[in-house]
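# Per-entry structural report
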Amino acid sequence: MKETRELPGGYVLAEDERVLADEEFMPSLALFWLKSRVVITNRSILAGNPNTILKILPVGRQTQNIGLAHITNVESDREFSLSKLVFGTGFVLVGMFAGLWAATIMILLGIWIISAVFQTTLTLRYVGGPAEIKASFIQRERLETFHNQISRAIADARS
């Protein structure tokens, strides 16, 4: 199978290895530039996550190559952050009573924070530790489908 995109970490497929799935996920709508990429092959999971400063500024990339035989558990979790909802709502409410420029900035910042209230996390537990991929609420179904693809790949690798 010919690859059109470089794999995370510059990984090169073995002769009998093939890509089963390839997806990109963003942690929230507000952080659309921070994309994690996960590739499932018939032998391993390849992941590339951005390293960040203050959770918003990308400063490099962390890559992982996790053998399917070493994965002990795959979990997906839907989260709701009450603190982000309260904090974002606070910005919007304060912005409503501020001057024009301050109001615009505060309301946009509040909406930006509120957009990250719902998040889905895919966790891979393996011998070396857990690996997490976070996805926005609009990518929830894609992440859960991807979870099932990983589970299927693990089952196929062990049979």
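For the structure itself, consult the block above.
So, here is what we can say about the structure in this document. Remember, predicted model here, so these are calculated numbers, not experimental data. (Residues numbered from 1 in each chain as written. Predicted model: local features only at pLDDT ≥ 70, side-chain atom pairs only at ≥ 80, totals over all residues. Heavy atoms only, no water.)

### Some words on the overall build of the protein
A count of helices and strands for the protein gives three helices and seven strands. Counting from the amino terminus, the protein carries its helices and strands in the arrangement β-β-β-β-β-α-α-β-β-α. If one aligns the C-alpha atoms of the protein with their principal axes, the spans along those axes are about 65 × 25 × 25 Å. Looking at the 159 residues of the protein, the share that counts as buried comes to 38%. In the protein, 55% of the contacts between residues at least 6 apart in sequence involve partners at least 24 apart. (Helix = DSSP H or I, 4+ residues; strand = E, 2+ residues; numbered from the N terminus. Buried < 20%, exposed > 50% of the residue type's maximum accessible area, 1.4 Å probe, protein only. Contact = heavy atoms within 4.5 Å.)

### Points about the sheet that holds strand S1 (residues 19-25)
The antiparallel open sheet is built from four strands, whose spatial order is S1-S2-S3-S4. Bordering the open sheet on either side are S1 and strand S4 (57-67), each of which pairs with just one other strand. Between one strand axis and the next, the sheet turns by 15 degrees as a mean value, whatever way the strands run. By the bridge criterion, nine bridges tie strand S3 (residues 44-53) to S4 in an arrangement that is antiparallel. From the neighbouring strand, asparagine 49 faces S4, where its bridge partner is glutamine 62. With respect to the sheet, helix H3 (residues 140-158) is in contact with S1, strand S2 (36-41) and S3, its orientation differing from that of S1 by roughly 150 degrees. (Pairing = 2+ DSSP bridges. Axes fitted to C-alpha atoms, helices over the stretch in contact; angles between N-to-C directions.)

### Regarding the nonpolar core
One finds Ile45, Phe146 and Ile150 to be the most contacted residues of the largest nonpolar core, which totals 20 residues. Broken down by secondary-structure element, the contributors of at least two residues to this core are S1, S2, S3, strand S5 (71-80), strand S6 (118-126), strand S7 (129-136) and H3. Looking at this core element by element, the count peaks at five residues for H3. (Core = buried A, V, L, I, M, F, W, Y, C linked by side-chain atoms within 4.5 Å.)

### Description of helix H1 (residues 82-96)
The end-to-end C-alpha distance of H1 is 21 Å, a good match for the 21 Å that 15 residues give at a rise of 1.5 Å each. For H1, every residue scored as buried is listed here: Gly88, Phe91, Val92 and Gly95. The arc that holds every buried residue of H1, seen down its axis, measures 95 degrees, which confines them to one face. Away from the buried face of H1 by more than 90 degrees, exposed residues Leu82, Ser83, Val86 and Met96 are located. (Expected span 1.5 Å × (residues − 1). Arc of directions from axis to C-beta.)

### Let's talk about a nonpolar patch on the surface
Among the surface-exposed residues, Leu29, Phe80, Leu82, Leu85, Val86, Phe118, Phe137 and Ile138 lie close enough to one another that they form a single nonpolar patch of about 750 Å² accessible area. In terms of residue count, H1 provides more of the nonpolar patch than any other element does, three residues in total. Here leucine 29 lies in the loop between S1 and S2. (Patch = residues over 30% accessible without salt bridge, like charges linked within 9 Å, V, L, I, M, F, W, Y side chains within 5 Å. Areas by Shrake-Rupley, 256 points an atom, 1.4 Å probe, with all protein chains shown as cover. Salt bridge = Lys/Arg side-chain N within 4 Å of Asp/Glu carboxyl O.)

### Some words on the packing of H1 against helix H2 (residues 100-114)
At a minimum axis distance of 7 Å, the contact between H1 and H2 shows a crossing angle of 165 degrees. If you check the angle between H1 and H2, you find them roughly antiparallel. Relative to H2, the crossing made by H1 is left-handed. Residues Lys84, Leu85, Phe87, Gly88, Thr89, Phe91, Val92, Val94, Gly95 and Met96 of H1 pack against Ala103, Met106, Ile107, Leu109, Gly110, Ile111, Ile113 and Ile114 of H2. (Parallel < 35°, antiparallel > 145°, perpendicular 65-115°, else oblique. Left-handed = near helix turned anticlockwise from the far one by under 90°.)

### Regarding unusual backbone geometry
A positive phi angle is found at leucine 54, which is not glycine, with a value near 55 degrees. Unusually for a residue other than glycine, lysine 55 sits at a positive phi of about 60 degrees. By secondary structure assignment, the location of lysine 55 is in the loop between S3 and S4.

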